[in-house]
Amino acid sequence: MVGTPTISVAMVLVVLALMSYGLPSAHADVAFISNTCKKTKNPALCEDVLSYHENSTQASTVHELASIALEIATAIAKFNSKNFGVGARYNQGTPVEDALDVCLQAYDDAIDNLKVLAKHSLHVGDYADALRKVLDAKAAGDVCDNALKRIKEDFAVESDRKMTERCGVTAELIGLLIHK
Ligand SMILES: *[C@@H]1O[C@H](CO)[C@@H](O)[C@H](O)[C@H]1NC(C)=O
């Protein structure tokens, strides 16, 4: 076991070398996110939204950040759609079901707008169309919120707010590509 301390020291040095190799680029990428988000209306929200994706620190262009934000918005739309679908089945035959069906429909349309249409337009560089599709999807939050308010259900407010925020950040990042 005489060799063990030597191996440990060697391993520590390797780990340190890897860390110091990794750190500068990680910092640069965080700076890129923060500099890009500073160009949006709510930089703190923009950074917060982008932190929901493991790959946002690897992005080096606004286009990549916009694509990542679009994935984040798509994920919340899918999540909400699933939850409202379950809720609608659970409340079958009641006014709550009617409201939840409105939400479900709104979020399913939003998924189509985000996952298929906006993604394609962003990919081919038609930023104006991508922006339109993301703003269409963003409306799902309000549509659902209003349907639920009519029956005094407020449990969905939080998930609708997240949808509105994430689509809003995505729209702003795409907007940066248009006004470049
Ligand atoms: C992050 O990037 C890696 C490598 O490109 C990829 O395999 C992984 O699926 C990405 N993660 C997400 C959540 O997209």
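Residues numbered from 1 in each chain as written. Predicted model: local features only at pLDDT ≥ 70, side-chain atom pairs only at ≥ 80, totals over all residues. Heavy atoms only, no water.

Applying the stated criterion to the full structure yields two disulfides. Each sulfur in the disulfide pair C37 and C46 lies 2.1 Å from the other. Judged by the sign of its S-S torsion, about -65°, the cystine formed by C37 and C46 is left-handed. Paired through a disulfide, C103 and C144 show a sulfur-sulfur distance of 2.1 Å. Disulfide C103-C144: torsion about the S-S bond near 90°, hence right-handed. Of this pair, C103 sits in helix α4 (residues 95–124) while C144 sits in helix α5 (residues 127–150); the two residues are 41 residues apart in sequence, bridging distant segments of the chain. Counting only the cysteines that form disulfides, in the order they appear in the protein chain, gives the pairing 1-2, 3-4. (Disulfide = S-S within 2.5 Å. Helix = DSSP H or I, 4+ residues; strand = E, 2+ residues; numbered from the N terminus.)

Right, let's get into the nonpolar core. L50, L114, V134, M163 and L173 are the most contacted members of the largest nonpolar core, which totals 46 residues. Of all the secondary-structure elements, those providing two or more residues to this core are α1 (4–37), α2 (43–50), α3 (62–90), α4, α5 and α6 (157–178). Once residues within four sequence positions are removed from consideration, L114 is found in contact with L70, A73, T74, A77, K119, V134, A137, M163 and C167. (Core = buried A, V, L, I, M, F, W, Y, C linked by side-chain atoms within 4.5 Å. Buried < 20%, exposed > 50% of the residue type's maximum accessible area, 1.4 Å probe, protein only. Contact = heavy atoms within 4.5 Å.)

Two elements in contact, α5 and α6, have axes whose closest approach is 9 Å; the angle formed by their N-to-C orientations is 165°. As summarised for this structure, α5 and α6 are arranged roughly antiparallel, according to the angle between their axes. α5 and α6 meet at a crossing whose hand is left-handed. A breakdown of the residues in the contact of α5 with α6 according to their chemical character gives 17 nonpolar, four polar and three charged. (Axes fitted to C-alpha atoms, helices over the stretch in contact; angles between N-to-C directions. Parallel < 35°, antiparallel > 145°, perpendicular 65-115°, else oblique. Left-handed = near helix turned anticlockwise from the far one by under 90°. Nonpolar A, V, L, I, M, F, W, Y, C, P; charged D, E, K, R; others polar.)

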